[in-house]
Every structure is written in C-alpha cells, then in structure tokens.
Amino acid sequence: MSTATAAPQEHRSAETAYHIKAGTEGIALDIRDFNLWYGKSQALFDINMPVQKGLVTALIGPSGCGKSTLLRCLNRMNDLIDELRIAGEIRTAQFDIYGPGVDVIALRKRMGMVFQKPNPFAMSIFDNVVYPLRVDGIGNRAILEETCERALRAAALWDEVKDRLKDSALGLSGGQQQRLCIARGIASDPEVLLMDEPCSALDPIATAKIEDLIHQLSGHYTIVIVTHNMQQAARVSDNVGFMYLGRLIEYGDTDTVFVNPKLTQTSDYITGRFG
C-alpha cells in the first residue's frame, strides 16, 4: 500500500516547500517538471505536484497565478489554444497524458470537469445526466435510468428532482444546476473530478451544499478544485497548493498551510498582506 507524502525527490522543485498529507491509495496524478507557454509567454514554471488518490486537493493564489491553467492541463482542455507549448509530464498510474497516441476524448472521460458557472444543456434533467453515456453509444434504457439515479443521488439532487426528470434543466436554481453538472460529470464514473471555482456564481446556501457534496464525493473520487476563496479551501481540502506567478510556491496538508506555512510568501498571502 502506497503512503507517498511528497513529490519523488528527483522530480521535486527546489523552490517549492512540500509537506502534503499522507494518502493511503497512492498517487492519482503526478505532475513532473511541467512548463507551459502561450506563444513566447511562459505561464507555468517547473510544476512538480503529486495529487493523492481519493483526497481533495485545492489550488489557491491570486488572479492570474496559473491555477486554472494548471487545472485545465489535467484533462488537456488547453489543447485548442493557439501557439500552446508544454514541456514535462503529467502521469496517471498508466501513462503520460501528454504522451504520443493518447486518446484525448477517452482521457476527458476519466477527468470529469465542473466549471465556474453552471452549464446545463437545453434538454431535460434526465438527458443532461446521461449525456456522456449516449455519446458513448449507450442506449439501453435500464442502464441509462440506473446511471441517472446513481449520479443524481451522488450529487445530492435525486430527492429534489426525481419527480421531474423530464423537465428542462434550465428551470432549476443555480445551485441545483451546478449539482446537476456535477452529476453529469460523474455519470461516466471518472477517476478524477476537476472543479474550476464551482461556487463562484452561487449564493452562500448553494455554496454550502456544494461543499458538503465535495466532502461526500471525496474518497470515491480524487478531486482537484481551484478556488479564490481561501476559507473554502480550508474547509474542503486535504492538501492545498499555493501558486504565484505561474509557480507552485508551497504544497502541503491544508492545516499546516493555513496555520503554520513553511514559507513567508505563503503566510503573507494567507494573511492578506498581498494578493
């Protein structure tokens, strides 16, 4: 049983302080010496970051620090950007996701994605949830119905919508729409769930429900969340990475980062001295 607690020494950045929480299931994603450029402009610098399987990892930092860019590298959503160039590796247990011959569509099925603003499709609640299965050519009604119920229960939405699955998803509240998008994201049972500021467009009550849902989903899924809300990061995550100007400054267990950070730069950001 793996209990890795830090990046492998040969891949560790000399400038990053590491003290992440011990996992019991090994590493889901291992980011190694990762750099990214938009044309001549470099956006990410020498990122080394093991993402522990089954835990919640939060990325924090000021606007423009590279946290959303890094998140979108994990399922290659940046691929369509002109003049994008990368160096380094992001490895799953089986392969480098930027390696030759990787099926990007298959990769994205393994990396569910939830965006800042809820983005339900203009179709029924049921059809939203089972959309990933239908894309795969699955038309068996029993499988679709079982998957819909399973995903909506996992997203803590089943009891609220079970009697109106044929209604348009656009009629749901903002918080319900975001939970529906989470249900759609986990319908195909991905290994990793990526969340890019999933509560930024929600009110405090809906935000609390999403945070409760993250707690419920952790363990079954590896979750990586980008958030501008440090209090949220402290509430939901096991490990947290502080990024600044495209670099991973400190990566550690959440309690240590927020209570006893190893670097002054992290402390200054946490306490509001900059950012």
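Predicted, not measured: the structure shown is a model, and the values here were computed from it.

Peer 1: If you had to explain the layout of surface pockets to someone new, which residues and values would you point to?
Peer 2: A volume near 580 Å³ is recorded for the largest pocket. Every residue lining the largest pocket is counted, 18 residues in all, and those nearest its centre are R108, M111, M113, P132 and R184. Elements supplying a minimum of two residues to the lining of the largest pocket: α2 (104-110), β6 (111-114), α3 (125-135) and α6 (174-186). Broken down by class, the residue content of the lining of the largest pocket amounts to 10 nonpolar, five polar and three charged. Reported here for the second largest pocket is a volume of approximately 200 Å³.

Peer 1: Lay out helix α7 (residues 204-217) in plain terms, naming residues and giving numbers.
Peer 2: With 14 residues, α7 ought to run about 20 Å at 1.5 Å a step, and its terminal C-alpha atoms sit 20 Å apart, in line with that. Listing the buried residues of α7 in full gives A206, T207, I210, E211, L213, I214 and L217. Buried residues of α7 fall within an arc of 160° about the axis and therefore sit on the same side. Set apart from the buried face of α7 by more than 90 degrees, the exposed residues are P204, I205 and Q216. On the buried face of α7, the contacting elements are β4 (56-60), α4 (141-154), α6, β7 (192-196), β8 (222-226) and α8 (230-236). One or two positions beyond α7, positive phi appears at G219, with a value near 100°.

Peer 1: So what about α3? Which residues, and what values?
Peer 2: Along α3, the residues classified as buried are I125, F126, N128, V129, V130, P132 and L133. Looking at the buried residues of α3, the elements they touch are α4, α5 (158-161) and α6. G137, located one to two residues past α3, shows a positive phi value of around 85°.

Peer 1: Provide a residue-level description of the sheet that holds strand β2 (residues 27-38), including the pertinent values.
Peer 2: One key point about sheets: their strands pair by backbone hydrogen bonds, in either a parallel or an antiparallel sense. Read from one edge to the other, the open sheet built from three strands follows the order β3-β2-β5, with strand pairing classed as antiparallel. Strands at the two margins of the open sheet, each flanked by one partner only, are β3 (41-52) and β5 (84-91). On average, each strand axis in the sheet is inclined to that of its neighbour by 10°, with strand direction left out of account.

Peer 1: Requested: an account of the side chain of K67, with residues and values cited.
Peer 2: Tracing the backbone shows K67 in helix α1 (residues 67-73). One buried charged side chain, K67, makes no salt bridge at all; its nearest oppositely charged neighbour is E197, positioned 4.7 Å away. Looking at K67, its side chain comes within polar contact range of the main-chain oxygen of G61, at 2.8 Å. When neighbours within four sequence positions are excluded, K67 is seen to be in contact with L59, I60, G61, P62, E197, V226, T227 and M243.

Peer 1: Which residues make up the packing of α6 against α7, and what values do they have?
Peer 2: Two elements in contact, α6 and α7, have axes separated by 9 Å at closest approach and are oriented at 20°. The orientation of α6 with respect to α7, classified from their angle, is roughly parallel. For the crossing formed where α6 meets α7, the hand is right-handed. On α7, the residues that touch G175, Q178, R179, I182 and I186 of α6 are A206, K209, I210, L213 and L217. Residues that form the contact of α6 with α7 fall into these classes: six nonpolar, two polar and two charged.

Conventions we followed
Residues numbered from 1 in each chain as written. Predicted model: local features only at pLDDT ≥ 70, side-chain atom pairs only at ≥ 80, totals over all residues. Heavy atoms only, no water. 1 Å grid on protein atoms, 1.4 Å probe; cavity = no way out; pocket = protein on both sides within 12 Å on 5 of 7 lines; lining within 4 Å. Points joined across faces, edges and corners; volume = space filled by probe spheres on them. Helix = DSSP H or I, 4+ residues; strand = E, 2+ residues; numbered from the N terminus. Nonpolar A, V, L, I, M, F, W, Y, C, P; charged D, E, K, R; others polar. Expected span 1.5 Å × (residues − 1). Buried < 20%, exposed > 50% of the residue type's maximum accessible area, 1.4 Å probe, protein only. Arc of directions from axis to C-beta. Contact = heavy atoms within 4.5 Å. Pairing = 2+ DSSP bridges. Axes fitted to C-alpha atoms, helices over the stretch in contact; angles between N-to-C directions. Lys, Arg positive; Asp, Glu negative; His and termini not counted. Salt bridge = Lys/Arg side-chain N within 4 Å of Asp/Glu carboxyl O. Polar contact = N/O pair within 3.5 Å; in protein donor to acceptor, adjacent residues only side chain to side chain. Parallel < 35°, antiparallel > 145°, perpendicular 65-115°, else oblique. Left-handed = near helix turned anticlockwise from the far one by under 90°.

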